[in-house]
Amino acid sequence: MANQESDKFVTITVDGITARVPPGTLVIEAARQIGVMIPHFCYHPKLAPDANCRMCLVEIEKIPKLQTSCSTPVAEGMVVKSSVPNVEEARKSVLEFILANHPLDCPVCDQGGRCDLQDFSHEYTPTTGRFKELKRIFPKEYFSPLIETQMNRCIQCLRCVRYCDQVMDVQALAPSGRGTMTEIKHFSIHELDCEFCGGCVQICPVGAITSRLSMYDFRPWMLKRADTICTYCGDGCQITIQTKDNELIEVNSTHGAGRNNGDLCPRGYFGYHASVHADRLNHPLIRQQDGTYAEVTWEDALELIAERFSQIKLAHGADAFGGLITSRCTNEELYLFQKFMRVVLGTNRIDSSARYGHINGIQALRRVQGTHRWTVTYEDIVAADTLLLVGTNITETNPITGLKVKEAVKKQGAALITIESLLPIRGTISNITTLASHHVPVHPDYFGLAVLGLIKSVLEQGLATASLSERAPTFVQSIRSAVGKVPWETVERHLGLGRDTFVEAARTFSQAKRVIILAGQGVLRAPQGSDVVTNLLDLLILTGHHGRPGCGLGTLAEENNDQGAVEMGAVAEYLPGPSELGDQTARKNLSKIWGDEIPQSPGATLMDMLEEARTGRLKAMFIVGENPVATLPPQAKVEESLDGLEFLVCQELFLTETAKRAHVVLPACSYAEKDGTFTNTEGCVQSVRRAMEPIGESRPDWEVFSALSLLMGNPIEYGEAKEIFKEIRSAISGYGLLGPSATPPRIKDEVVDRYLQEGFKTDVEVRYAFEQENTQPDEMLTLASVQSLFHSGKFSTRAKGLLQIQASGFLNVNPVDATRLGLADGDPVRLSNTRGEATTKVKLLDRVPVGVAFFPEHFDQNIRGLFSLETDPQTRVPYFKLTRVRVDRMQEEIPGKG
Amino acid sequence: MKFRDWIKTITFYEILLGMKETIKHLVHYKPITLQYPHEKKPLAENYRGMLALLRYDDGTEKCVGCDLCEAACPSRVIRVISTEVPGEPTKRYAKEYYMDMTRCLFCGLCVQACPVDALGMTREYEWAVYDKRKLHLNKEQLLAIGDRAFPVREKQLEFQHPNVAYFNVSFKDIPEKAN
Ligand code: SF4
Ligand code: SF4
Ligand code: SF4
Ligand code: SF4
Ligand code: SF4
Ligand code: FES
């Protein structure tokens, strides 16, 4: 035992302090743990040591020369000295050489005040230099609209280059030139074209790479900081919003903080201006007879709403109301919204944007394993030895989860199986399929079929775990016979891939020790979404991975609080918990906490509410932050539904297409102006903190619900968001601790047993059946509405920084298709099908599969009208992401587009 | 003794003695009070008067908008709003510059903080006004003070290398900073 202990740790002494650290630790890290900061430039814990700057030299006893502590691993009994005269002398010379060429730019340098070189120079060098020579000067080159370089300030530590390669896998930067004349360049004759993650800006120890978005707007000491959570995707990155006089200046992140560990994506780093856009609503508005809006006071607006709501309730009953809330709201707001709808208005007709797909994953998880959250964490992803990604362009939709996958593959050598439509071709932004050891290229219609192929292959090769045949023989048998009904020929005809493709992937998957499956938008937002997730869980069960530590399935949330919306019960089928609407114990428990009855009537989902509104059954709706008019395709007839309502209240940041149909519009606060919590895709509850004062008269959403309840004579009052959280804590499990939950929920064995014995039978035939025939005529392309790395929903299209990267939508097509259709880059095209037509421009992109065209969902440009709309019979999720279109080149230019 | 006292009393000796200084000053009259504003005191060599912003000899503003004066000022007189020079990307200047002279205590710390000697203390002190708001000066006013107080201007800084001053030629139409 004692032996083992000493195997695990070595003793090291730094500046007289002794500590025990694991072997392999770098001296600089060991010193940091002891509390000795060794000055350094090129070292960063995220990057492999490069030891190029020599700043971190230390004296190590018994080694004659000074050593770079950033690249020397500790050894037993090592004695390190970091502040002896010869080390200080060495440091001084290193700095003197750097300063020989460094400009005296500090006053106009955005890094001034938080610059490593500045700090170390103050600490270790004399105030005057000895160099008389001219300084090195680089011609200034234009870099990019958002990232600017000042190469005269570069100290050639190559952190930026290494970050971009090792962490981001983008490789947009490279050093060029030799010696002191080395400068950092991007690889093209164009301006920088990369992911714009801002990582190079943040990791540069000096001011050589800076953000152009906030350039010269601030000095670091003026900024007020607030640690909060990004609102742009389900990854839930911790960001620090920095303001000066209530004006948003910049966003950054801290190494070691948050689930993102200091990494960000362009939306988080450059997208912060959306919430302070000039179009923000500043006052409550009431629609007048002539259709215009009059600015009114909060009192007038709320009194009108309370009065009309009360009238409608009296005349038509509680179920004449419907509520819709965006999952960009905080947990507190989602919770209070459903409480308001249930207790004050008395209806269960509530839905949120989790309905657009996230609910599919949750229903499958609950059904098979009895959890509504992931049973794995980001740490498990990094530690996994095999990862299966299905239908997710993860580097664009959930970039930070994507980074974890990249880390697992690049640093830990995990095997990666991707079932994705993207082709494994490198581009200006990273592409997860290029890292895959087994890539299964699949048309976006057929992710389900590919999963079926994988399961079929597992069963055929006898890779299913033996113990399962004893535990649940019928389960294995049913699946075997169900997949047997889909012959390999069918698979091959649709996927263009036969049995051989799956053999290796199936074997790798089955033999792995720690596997994690991640299912993305391609699965969750496409027909049979819930079924495909269930099948993936079947796969885990079949290979015996289900329930093993470090193994599990995760669904990737698109909106930042999709997960929270479901857990708060802001969906039609669940009470807070989430518990089924009919769950008597949960009802009893909740009514005790609420001191009020929970309505008995069934809930109604978004699509059902719209239908009911059209038929006149629903009389009033309360829509918070959601914009169905601009989200759903025209066949959904949302306008018609909303116009038929007697009373529509919208609570919004902007006067959106939906808000324009409301009788009363209330101005809400953005995430930067309020307190609360978000629950990320991984199920981690994190604090959102107010970074600035509310804009205009806008108020946090929860205050409005609270005020309305008061006016309607059924007060649910809270002093601050924290009080709501306290109530959430007592009502919902998993909200005890903020921050990463130490242990993710375990699968419930009794639920799994029930599923394996009986539960699966109800639909196993349907889930594994495949009838679809490919009906795509040759001249048509499959048009997929996809998420771009640079935007999130429609909200981000108001962020000026992101607009500089991507200002409008282009039709991305493969060059092969372009040649076939006679299109060149930038050509204006007309897209048409039986539903209508739209115009846009073409942009060639190598990684788009042949026969498919991608269009970013954030820009409308009338494309929405082309999509079909299909509602899931079970989960009632509306699907409208795929369609087929004709693409024709247009002769004339499109005015004002592109 | 008595007789002497008596003489002193009748000759008002003590009063005369007291009057001596008065009479002396009456005869050698020399005024002490300065007849301001008709007369002005010469100022000390390093007199710290009204603050001003300066220009180079070619008329360009010296100030680079670094905010250091704002940071140095103990009574929060200064407010700098810096941004990029229009048409010269990545060059910094003060778009707006305000001094609230009602609060200035003429310590001169801002002048010392300025890395480019863009601030100067003039010898002006006649700044009494009826309306305090008139002491809230903007950049143009401060430059005007500098112009009249320091007619001899410093030469524009010379760059070590002309490249510094030019923006790369291979990219036309470089976009301005977003706002
Ligand atoms: S990089 Fe640091 S040392 Fe160099 S000019 Fe900027 S603040 Fe000064
Ligand atoms: S911003 Fe671009 S160049 Fe910089 S690290 Fe990110 S991807 Fe690389
Ligand atoms: S730009 Fe910054 S991070 Fe990159 S090499 Fe230069 S100093 Fe290092
Ligand atoms: S959009 Fe997602 S990945 Fe990007 S910073 Fe925000 S939370 Fe992180
Ligand atoms: S006056 Fe001097 S110190 Fe003040 S902002 Fe201008 S350059 Fe900086
Ligand atoms: S930090 Fe060790 S050599 Fe640069």
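Residues numbered from 1 in each chain as written. Chains lettered and ligands numbered in written order. Predicted model: local features only at pLDDT ≥ 70, side-chain atom pairs only at ≥ 80, totals over all residues.

Q: Give me the lowdown on the overall build of chain B, citing residues and values where you can.
A: Across its full length, chain B carries five helices and five strands. For chain B, with 179 residues in total, the buried portion stands at 21%. Excluding contacts between residues fewer than 6 apart, the proportion of contacts in chain B whose partners are at least 24 apart in sequence is 71%. (Helix = DSSP H or I, 4+ residues; strand = E, 2+ residues; numbered from the N terminus. Buried ≥ 20, exposed ≤ 12 C-beta atoms within 10 Å, placed from the backbone. Contact = placed C-beta atoms within 7 Å.)

Q: Can you lay out the overall build of chain A for me, pointing to particular residues and giving the numbers?
A: Helix and strand counts for chain A stand at 31 helices and 36 strands. Computed over the C-alpha atoms, the radius of gyration of chain A is 29 Å, within 12% of the 29 Å expected from 2.2 N^0.38 for a compact globule of 898 residues. Its C-alpha atoms give chain A principal-axis dimensions of roughly 85 × 70 × 70 Å. In chain A, which comprises 898 residues, the share counted as buried stands at 55%. (Rg over C-alpha atoms; globule rule 2.2 N^0.38 Å.)

Q: Report on the site of ligand 5, specifying residues and quantitative values.
A: Around ligand 5 there are 14 residues in total, and Cys63, Cys66, Cys69, Cys114 and Ala118 of chain B lie nearest to it. Split into classes, the residues belonging to the shell around ligand 5 amount to 12 nonpolar, one polar and one charged. (Near = placed C-beta within 6 Å. Nonpolar A, V, L, I, M, F, W, Y, C, P; charged D, E, K, R; others polar.)

Q: How would you explain helix α5 (residues 139-149) of chain B if you had to name every residue and give the values?
A: Residues and elements named next belong to chain B. All of the buried residues along α5 are Leu142, Leu143, Ile145 and Gly146. Buried residues of α5, viewed axially, fall in a sector of 155°; they line one side. Turned more than 90 degrees away from the buried face of α5 sit Glu140 and Arg148, all of them exposed. (Arc of directions from axis to C-beta.)

Q: Mind laying out the pairing of strand β7 (residues 173-176) of chain A, listing which residues take part and the relevant values?
A: All names here are of chain A. The pairing of β7 with strand β8 (residues 183-186) spans four bridges and is classified as antiparallel. For Ala174, the partnering residue across the bridge sits in β8 and is Lys185. With antiparallel pairing between neighbouring strands as the criterion, β7 and β8 make up a hairpin whose turn holds six residues, including Gly177 at a positive phi of roughly 90°. (Pairing = 2+ DSSP bridges.)

Q: Before we move on, could you go through the domain arrangement of chain A and cite the residues and values that matter?
A: Residue and element names in this part refer to chain A. The domain boundaries assigned to chain A delineate domain 1 (2-83), domain 2 (105-276), domain 3 (285-354 + 568-731), domain 4 (358-555) and domain 5 (780-889). Each of domain 1 and domain 2 was reduced to a C-alpha centroid, and the two centroids are 28 Å apart. Tallying the contact residues gives 11 residues for domain 1 and 13 residues for domain 2. Looking at side-chain class alone, the side of domain 1 that touches domain 2 contains seven nonpolar, two polar and two charged residues. (Domains from an automatic or database assignment.)

Q: Talk me through the confidence of the model for chain B; I want residue IDs and the actual numbers.
A: Residues and elements named next belong to chain B. In this model, chain B carries an average pLDDT of 86, and 87% of its residues clear a pLDDT of 70 or more. Low confidence marks residues 160-172, where pLDDT is under 50. Its contacts with residues over four positions away, or in another chain, come to 19 contacts. Model confidence for the complex: the whole-complex pTM is 0.92, and ipTM, which rates the interface, is 0.83. (pLDDT = per-residue confidence, 0-100.)

Q: Can you explain the packing of helix α14 (residues 447-460) of chain A against helix α18 (residues 499-511) of chain A? Please cite residues and give values.
A: Geometrically, a packed helix pair is captured by the angle between its two axes and the distance between the axes. Residue and element names in this part refer to chain A. Interaxial distance between α14 and α18 falls to 8 Å at its minimum, and their mutual angle equals 70°. Between α14 and α18, the angle is such that the two are roughly perpendicular. Along the contact surface, α14 presents Gly453, Leu454, Ser457 and Val458, while α18 presents Arg499, Phe502, Val503, Ala505, Ala506 and Ser510. Here the residues of the contact of α14 with α18 are counted per class, giving six nonpolar, three polar and one charged. (Axes fitted to C-alpha atoms, helices over the stretch in contact; angles between N-to-C directions. Parallel < 35°, antiparallel > 145°, perpendicular 65-115°, else oblique.)

Q: Summarise the nonpolar core; cite the residues concerned and give the values.
A: Residue and element names in this part refer to chain A. Counting residues in each nonpolar core, the largest one holds 180 residues, and the members touching the most others are Leu387 and Leu536. With sequence-adjacent residues up to four places away left out, Leu387 is seen in contact with Ile381, Val405, Ala408, Ala414, Leu416, Ile516 and Leu518. Grouped together as the second largest cluster of nonpolar side chains are 89 residues, Tyr43, Leu57, Val167 and Ile241 included. (Core = buried A, V, L, I, M, F, W, Y, C linked by C-beta atoms within 7 Å.)

Q: Account for the sheet that holds strand β5 (residues 136-137) of chain B, with residues named and values stated.
A: Sheets are built from strands that pair by backbone hydrogen bonding, the pairs being arranged parallel or antiparallel. Residue and element names in this part refer to chain B. Here we have three strands laid out as an open sheet, ordered β2-β3-β5, and antiparallel in their pairing. Because the sheet does not close on itself, it has two edges, and the strands there are β2 (78-85) and β5. As paired elements, strand β3 (residues 88-100) and β5 share two bridges and run antiparallel to each other. Each residue of the ladder has a partner; that of Asp100, found in β5, is His136. Packing of α5 onto the sheet brings it into contact with β3 and β5, and relative to β3 it is tilted by some 85°.

Q: Before we move on, could you go through the site of ligand 2 and cite the residues and values that matter?
A: All names here are of chain A. Around ligand 2 there are 14 residues in total, and Cys164, Cys194, Glu195, Cys197 and Cys200 lie nearest to it. Looking at the shell around ligand 2, the elements that each hand over two or more residues are α5 (159-167) and α6 (199-203). Taken together, the residues that form the shell around ligand 2 break down as 11 nonpolar, two polar and one charged.

Q: Give a detailed account of the sheet that holds strand β24 (residues 620-624) of chain A, specifying residues and quantitative values.
A: Residue and element names in this part refer to chain A. Spatially, β14-β13-β26-β25-β24-β15-β16 is the arrangement adopted by the seven strands of the open sheet, whose pairing is mixed. Since the sheet does not close on itself, it has two edges, and those belong to β14 (293-295) and β16 (350-352), each with one partner. Recorded for the sheet is a direction-independent mean angle of 15° between the axes of neighbouring strands. Relative to β14, strand β13 (residues 285-287) runs antiparallel, the two being bridged by three bridges. Bridged to Arg287 within β14 is Tyr293. Contacts between helix α8 (residues 298-316) and the sheet are confined to β13, β24, β25 (647-652) and β26 (664-667), with β26 contributing the most and set at about 135° to the helix. Along the sheet face, helix α23 (residues 606-615) touches β15 (321-325), β16 and β24 and points at about 140° away from the line of β15.

Q: Provide a residue-level description of the packing of helix α10 (residues 358-369) of chain A against helix α28 (residues 749-757) of chain A, including the pertinent values.
A: All names here are of chain A. Put simply, α10 and α28 touch, their axes get as near as 6 Å, and they point 90° apart. Regarding the angle of α10 to α28, the classification is roughly perpendicular. Facing Arg367, Val368 and Gln369 of α10, the residues of α28 in contact are Val751, Val752 and Tyr755. Among the residues making up the contact of α10 with α28, the classes are represented as four nonpolar, one polar and one charged.

Q: Which residues make up the pairing of β25 of chain A, and what are the values?
A: All names here are of chain A. Most of β25 is tucked away, with five of its six residues classed as buried. As judged from the five bridges shared by β24 and β25, these two strands associate in the parallel manner. Among the inter-strand pairings, Val624 is bridged to a residue of β25, identified as Gln651. Both β25 and β26 contribute to a ladder of four bridges, which runs parallel. The residue of β26 that forms the bridge with Glu652 is Pro667.

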